[in-house]
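# Topology and contacts: notes
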There are 2 protein chains.
Amino acid sequence: AGVEMAAWTRAVRGLLLDVSGVLYDSGGDGGVPIAGSVEAVRRIKASGLKLRFCTNETQATREEFVKKLQGMGFDISVAEVTAPAPAACRILEERSLRPHLLVHNDLVPEFAGIDKANPNCVVIGDAAENFTYANLNEAFRVLIGMEKPVLISLGRGRYYKETDGLKLDVGAYMKALEYACDVQAEVVGKPAKAFFESALAEMGVPPQEAIMIGDDIVNDVGGAQRCGMRALQVRTGKYRPCDENHPHVKPDAYVNNLAEAVDILLQQL
Amino acid sequence: AGVEMAAWTRAVRGLLLDVSGVLYDSGGDGGVPIAGSVEAVRRIKASGLKLRFCTNETQATREEFVKKLQGMGFDISVAEVTAPAPAACRILEERSLRPHLLVHNDLVPEFAGIDKANPNCVVIGDAAENFTYANLNEAFRVLIGMEKPVLISLGRGRYYKETDGLKLDVGAYMKALEYACDVQAEVVGKPAKAFFESALAEMGVPPQEAIMIGDDIVNDVGGAQRCGMRALQVRTGKYRPCDENHPHVKPDAYVNNLAEAVDILLQQL
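As the structure is a prediction and not an experimental result, all values here were calculated from the model.

### Considering the relation of the copies chain A and chain B
- For the pair chain A and chain B, the relating rotation is 180°, the translation along its axis is 0.0 Å, and the fit reaches an RMSD of 0.0 Å. Both copies of the chain, as the preceding transformation shows, are related through a two-fold rotation axis.
- A shared binding surface is used by both copies, with 100% of the interface residues of chain A retained as interface residues in chain B.

Shown next, in the form of structure tokens:
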């Protein structure tokens, strides 16, 4: 893989890193760093490459999320994180949308400045334990009661892995509401093009000079490639061997983990 | 409508009736008969027309369901009801499938004779309060753990109306699992062609001589028409005025309720 990557990695000026499954494995206990990833982030920063963390995490505010990662030893700050909730807030404000929220309790503070009275849209995130029968019916009733239902989804992931097993992600519940109301959700977060573009803009690097590193073949790799970036898939997190036979998406290279990716990339600089 | 129907209603020998929204409105209290429906069922039986109740009800065994309807005054017996669970049991036995059940507690007895050890498929019904985050994750893990996931869905309804409001139906949750596992569910119940055909066979009437009467534009009317039957939509139950502008399905006629349908049909005999 090192040889194949050599030519195009020389142009690289910035990295986008997925977080869960690349830096750490999440779980009920908060999660554990993936071997070598703490050091890998330090080496990226020392190299002079631009770096941005690009996550679909919607179970906590960026503040809480960053605090958790710092607790594991990662050199990361809130200003370096691109996440769906702030992107959704910009859309809500631009279009005068007042959301009914079906999100994780710990994400609610991200929407503190947003008018939520008399809702004219539904925002769905990875609500986890909040995905109750009652809450889904309530979000459905808000949507079906609108003349033109507006559903904004913070990601479209199918599932993710926690230390106690696989969990359905927001995309599955988004599909349930889409079907029930015969609407198409607007997706904020990976793999939406606008989301990658805003991360690139924040980094000040054009797509041709940036690499995305993620564990999700569709949302990380496929999404980044559609923006004109190169993308590596790590064999950690939710990676499964059958991803290497994906019918539509082929990463520019595979690496065993973030540490190996950084080894190879820094060699080429 | 009476005039338009006259020509083809003369050939009618059998009626298929949807139950919820046609005979009664369901609710937490068990439900209330729709005005005129008890008498309408009696008049059909007295007329000599063949009759079959064709329901996607999966919140109770047929025994409990029929008992509830008898309690409201309806002349109905278990042997006259075509319902998804028994149809699913026939499929499970034919194909040696052992189900993981995600269904309403009260439906479980319908699967009493079925081997459920070491499941090799998932059967999803309208599980209502059993549609918890934990139960959905569990059904998902069983499916995603199969080499070739098999998902059998007892209906594909979007939502239904109870006295305390609209509720998401099994179809929404089916879509969530379909998306998460990248599979297509096999639907048992309306609008599946095999389901209408078995109801017709049980009645001994060919589709050209049968009429379906239902409140669901897609699952009752559209499904029956695809089997070669005529279909009436009642303006009760989940009927909404916008159904009359449905892009794909047009009933052979509208009636205000079952009693009006029976008035018109019996006049033509």
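### Notes on the pattern of salt bridges
- In this structure the tally under the stated criterion is 34 salt bridges over all chains.
- Among the ionic pairs, arginine 42 of chain A bridges to glutamate 39 of chain A, the shortest N-O distance being 3.4 Å. Pair noted here: arginine 42 of chain A and glutamate 39 of chain A are both in helix α2 (residues 37-47), with a separation of three residues, about one helical turn.
- Residue glutamate 39 of chain A is classed as partly exposed on the basis of its relative accessible area, which comes to 42%.
- Between arginine 235 of chain B and glutamate 244 of chain B there is a salt bridge whose closest N-O contact spans 2.8 Å.
- The exposure class of arginine 235 of chain B is partly exposed, given its relative accessible area of 33%.

### A closer look at the domain arrangement of chain A
Residue and element names in this part refer to chain A.
- Partitioning chain A into structural domains gives domain 1 (13-54 + 206-267) and domain 2 (85-187).
- Taken over C-alpha atoms, the centre of domain 1 sits 27 Å from the centre of domain 2.
- Taken together, the contact between domain 1 and domain 2 spans eight residues of the former and seven residues of the latter.
- Taking both partners together, domain 1 and domain 2 bury about 610 Å²; carbon and sulfur atoms supply 41% of that area.
- Broken down residue by residue, the surface that domain 1 buries against domain 2 is led by Ser26, Asn219 and Lys238, which jointly contribute 58%.
- Inspection of the region where domain 1 meets domain 2 yields zero salt bridges.
- Scanning the region where domain 1 abuts domain 2 turns up two residue pairs in polar contact (both at pLDDT 80 or more).
- In terms of residue class, the side of domain 1 that touches domain 2 is built from no nonpolar, five polar and three charged.

### Structural notes on the interface of chain A and chain B
- Listed by partner, the interface residues are 30 residues for chain A and 30 residues for chain B.
- Contact between chain A and chain B buries roughly 2,700 Å² in total, counting both sides, with carbon and sulfur atoms accounting for 62%.
- When the buried area of chain A at its contact with chain B is split by residue, Tyr133, Leu168 and Tyr179 of chain A rank highest and sum to 31% of it.
- Applying the counting criterion to the chain A and chain B interface returns eight residue pairs in polar contact (both at pLDDT 80 or more).
- Secondary structure elements with two or more residues in the side of chain A that touches chain B: α5 (133-144), β9 (159-162), β10 (165-168) and α6 (170-181) of chain A.
- The element contributing the most residues to the side of chain A that touches chain B is α6 of chain A, with eight residues.
- For the side of chain A that touches chain B, a count of residues per class yields 16 nonpolar, five polar and nine charged.

### Side note on the sheet that holds strand β13 (residues 230-234) of chain A
All names here are of chain A.
- Ordered by their spatial adjacency, six strands build an open sheet running β5-β4-β1-β12-β13-β14, and the pairing between neighbours is parallel. Two strands in the sheet have a free side with no partner beyond their single neighbour: β5 (81-82) and β14 (253-255).
- Of the pairings in the sheet, the one linking strand β1 (residues 14-17) to strand β4 (residues 50-54) comprises four bridges and is parallel in character. Its bridge partner being in β4, leucine 17 is matched across the sheet by phenylalanine 53.
- Against the sheet, helix α7 (residues 193-203) makes contact with β1, β4, β5 and β12 (210-214), and its axis sits at roughly 150° relative to β4, the strand it touches most.
- Those strands touched by helix α8 (residues 217-226) are β12 and β13, and its axis lies near 165° from that of β13.

What counts, and at which threshold
Residues numbered from 1 in each chain as written. Chains lettered and ligands numbered in written order. Predicted model: local features only at pLDDT ≥ 70, side-chain atom pairs only at ≥ 80, totals over all residues. Heavy atoms only, no water. Least-squares fit on C-alpha atoms with pLDDT ≥ 70 in both. Contact = heavy atoms within 4.5 Å. Salt bridge = Lys/Arg side-chain N within 4 Å of Asp/Glu carboxyl O. Helix = DSSP H or I, 4+ residues; strand = E, 2+ residues; numbered from the N terminus. Buried < 20%, exposed > 50% of the residue type's maximum accessible area, 1.4 Å probe, protein only. Domains from an automatic or database assignment. Buried area = accessible area lost by both parts, 1.4 Å probe. Polar contact = N/O pair within 3.5 Å; in protein donor to acceptor, adjacent residues only side chain to side chain. Nonpolar A, V, L, I, M, F, W, Y, C, P; charged D, E, K, R; others polar. Pairing = 2+ DSSP bridges. Axes fitted to C-alpha atoms, helices over the stretch in contact; angles between N-to-C directions.

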